[in-house]
Amino acid sequence: MATATTAQPAASKTALRHRLAERGIDRNLLLLLPAVLFVVALFVYPFLYGLQLSFQPQPGMDAAKQYGTGPLANYRLFFADSYLRDTIWTTLKLGLPAALFNVLASVPIAYRMRGRFRGKRTITTILVVPITLGTVLTAEGLLTFMGPTGWLNKVLLNLHLVDDPVRLVHNYWGVFFSLIISGFPFAFLLTLAYLSGIDPSLEQAAATLGAGWWHRFRHITLPLLAPGLCITFCLTFVLAFSVFPSAIMVGEPSRQTRVISIAAFHAQFEQYDYAMGSAIAMIMGAVMLVVIGAVFALRARFYRGATGGKG
Amino acid sequence: MPAIEATRISELRLDHVSRSFGGKLALDQLDVTIKGGEFVALLGPSGCGKSTALNCLAGLLPLTGGSVWLDGKRIDGLQPEQRGFGMVFQNYALFPHMSVRANIGFGLRMHRTPKQEARKRVYEAIGLVQLEEHADKYPAQLSGGQQQRVAIARAIVLEPPLVLMDEPLSNLDAKLRLEMRTEIKRIHQTLGLTTIYVTHDQEEALSLADRLVLLRDGQVQQIGTPEEVYTEPVNRFVASFMGYRNTVELPVTDAKGKEVTLAGDGLTLTGSRREELGDTAVAAIRPEDFTVSDGPNAIEVTVEVVEYHGREEAVQVRTATGNALHLRTEARLAPGDRLTISAPPERVLVFAAESAAAGSGDTANHVPED
C-alpha cells in the first residue's frame, strides 16, 4: 500500500512531462530565451515606443502648428506636404528598379554558374567581394571612377564618344549604381543557393523529352526558382528602400534622391522633432510591408514544395 | 489499336564509344549493335561505366571517342532534345510542380502535338501504367512505385525509338522492385520498345533482358544472351558476377584437353577450362553446385555460418587451410559441423588468374554475338 502511494505522484509527474513533450514543450525551449529577449529589447520595444511617439506631436513643431496636437497630426503633415510625401515615390523609384535589376541580373549569371567548373570559386569571389565594401568605400569609388573627371569620362572624352562629361554621380544614377554594387552580390548568392537546390536531373529529363534550353528554363527551372526569387527580391528591396549614405554621397539629397530616410533623419536629428521622425519611420515600414505583402501574394500562386536537389 | 506504339527502328550501332573524365577512361570502346525491339541490359558493378554509356546515348554527356548510329544516321552530335529518346532516371526526375498528367504530357507539349491527340496519348499512357486514379495528383503525393510508373509513362508516351533506363528499380523496396520488374517486362512486351537498361543487379538483368553487356572498369567483358552469360561466363570476373561465388586460385598441375586439375593448399579440384591458362588458375563454383556428400572434388570443411533461406540454407564453410567456401543445401547444418562436400567436374569452371579481358577488352570478340 505504502509503495503504491509513493509511486503514484512520480508516475503522474513523468506523465505530465511526456504530455508537455508531445506538444514540444521541454527544457530545450529555454534555448530560445536569448533570441526572444533580443527581439523584445531591440525590436518590439523600440517599435512600439516609436509607434506611440508618432501619435504624440511635439508642441511647437510644424505638425502641431498646422494640425494641432491630435494623434494623427504628424501623419497629416507628411501626406499634405508634397516635399515629404514625394519621398515615398522617390525611394520606390530607386528601390524597386534596383531590386528588380539585382534579381533579374543574378538569374542568368547564377544559372550559368550552377554546375561545377574550374574557376567557379574565383568568379564567385569576384562577384561577391563588393558585399564586403562599405557604402562609403563604394561611394568614393563611384565618385573617382564615374565622376566628371573620373576615368570613365576621361576615356569617353578621349575617344570622342561624348563632348561633355556624362553625369553619372550626384544624381539618380549614382545612387542606383551604388545600390546595385552593394545589392547584387547578395541577390546573386541567394539565387545561386536556390538554383543549386533544384535537382539537375529535372532539366536533363526535360531535355530528353525534347525541351530546348529556353523551354527547360521557362517550364522547369523558373517555376521552381520563382518562390526563391520572390524572397530574394524582398530582401534586396528592403536593403535598397532604406538607402541613406549613398543617397547623400553619390546622389542629389536635396532633390532627385531625397529618399524617405533623409526626411526621417532631417526631422529627427536636424529639427529634433522625434514624433515626426517616428511617424516617417512608421510610414517607411508600412510602405515596405505593402510591397513585401504584394510579392508574397504573388508567391502564393507558385509551386513551393520540394525541388529535389540538395537545398 | 492502341494510341501508343513504339517507333520501329532496325538497329542502333555503338561504334567504339568512349568517354573519359579528366584523362581517366570511364568507358573504353564500347562496340555493340542493338536490334529494333531488343531489350539490352548494361550490367556491372558501380563505377564500371554503364551509366556513363547511357548518358552518352541520351546525349547528356558528349563522347570523347567513337560514334553512335541510328538506322545508318550518325546521332552522337545531336543534343538530347533532338534525339527523342525516352529516359527513365534513377531518382525518377519527375517535375514536382506538375501533376501526373502534366508530367506525362510535357514531352508532347514540347513537340507541339495537337491537343486532341496529346490528351488521347496521355490517357493511354496513364492507363498503360495503371495510374488512372492518380492522374491529377502531384509527384510528392505518390509512392515510390507510382512515381516510377509516371517516369516510365512520361518516357514512352513520345513513342521513342529507344528507351533508356538508368537503374530504375534501385530506389524501391524489395517487394515493389519485383512488381515493377514484371511491369517493365510487360510494357516492353506490349509495345516492343527498343530498350537499354542499366543495372548492377544481375538477377534483374537476367530476368528482363534479351541480351546482356557486362562491363568492368569501362571495358566490355562479355556480350550474350542471359543463358550464355549465366552458363558460360568468359572470365573469372563475369563468373563471380554471375553467381559463381566460390573462386579458388591454385597452381595448375594437369591439363588434358578441356579438363584441368588444380592442386595446392590441401585442395585438388578438377574442372573444365574456359580460357588460356597460365601457371595458376581460378576454379569457380556456384554455391548450389556443391553437394554435401563424398564424390569428385571432395573437400573436408567445417561449418562456420548458417543462414536460413526457407527450403535451403546458405552455408559458409572453411577448409582446413582456411579457405572460405559458400554452398547452398537442403541439409540442416549447425556451426561447428565437420563434413565433406563435393562438386561435379563439369560444374567447376577454370579461368585464367589474370583475366585477359581486364587488360585488353578483346574477350568480347570471341563470344559470338547471337
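Residue numbering note: each chain is counted from 1, following its sequence as written. The naming scheme follows written order: chains are lettered A onward, ligands numbered 1 onward. This being a predicted model, a pLDDT of at least 70 is required before a residue's local features are given, and a value of 80 or more before pairs of side-chain atoms are given or counted; all residues contribute to the totals for chains, interfaces and linings.

Section: the pairing of strand E10 (residues 219–224) of chain B
All names here are of chain B. The buried fraction of E10 amounts to six of the six residues, a majority that puts the element mostly inside the structure. The pairing of strand E9 (residues 211–216) with E10 spans five bridges and is classified as antiparallel. Bridging across to E10, Leu212 finds its partner in Gly224. The loop that links E9 with its antiparallel partner E10 comprises two residues; one of these, Asp217, has a positive phi angle of about 50°. Field definition: a residue is buried when 20 or more other C-beta atoms are found within 10 Å of its C-beta, exposed when 12 or fewer are, and partly exposed for counts in between, with C-beta atoms placed from the backbone. Going along the chain from the N terminus, every DSSP run of H or I of four or more residues is numbered as a helix, and every run of E of two or more is numbered as a strand. Being paired, for any two strands, means DSSP has found at least two bridges between them.

Side note on unusual backbone geometry
A negative phi angle is the norm for most residues apart from glycine, just as the trans form is the norm for most peptide bonds. Residues and elements named next belong to chain B. The phi torsion at Gln29 lies on the positive side, around 50°, for a residue other than glycine. Located in the positive-phi region is Glu159, a residue other than glycine, with phi close to 50°. Secondary-structure assignment places Glu159 in the loop between helix H5 (144–156) and strand E7 (163–166). For Glu159, a count of 18 C-beta atoms within 10 Å corresponds to the partly exposed category.

Some words on helix H4 (residues 115–128) of chain B
All names here are of chain B. The end-to-end C-alpha distance of H4 is 20 Å, a good match for the 20 Å that 14 residues give at a rise of 1.5 Å each. Buried within H4 are the following residues: Arg121, Val122, Ala125, Ile126 and Leu128. Projected onto a plane normal to the axis of H4, the buried residues spread over an arc of 155° and lie on a single side. Working definition of a contact: two residues with C-beta atoms, positioned from the backbone, lying within 7 Å. Close packing links the buried residues of H4 with helix H3 (100–110), H5 and helix H6 (174–191). Among the residues trailing H4, Gln130 stands out with phi positive, at a value near 55°. Helices are assigned an expected span. That span is 1.5 Å times one less than the residue count. What the arc describes is the spread of directions from the helix axis to the C-beta atoms.

Regarding the sheet that holds E9 of chain B
Residue and element names in this part refer to chain B. The strand order across the open sheet built from six strands is E6-E7-E8-E3-E9-E10, with neighbouring strands paired in mixed fashion. Two strands close off the open sheet at either side, each with one partner strand: strand E6 (86–88) and E10. In this sheet, adjacent strand axes meet at a mean angle of 15° when their direction is disregarded. As defined by bridge partners, E6 adjoins E7 across three bridges and the pair is classed as parallel. When the sheet's bridge partners are listed, Met87 is paired in E7 with Leu164. Fitted lines through C-alpha atoms serve as axes, helices being fitted only where they are in contact, and the angles separating the N-to-C directions of these axes extend from 0 to 180 degrees.

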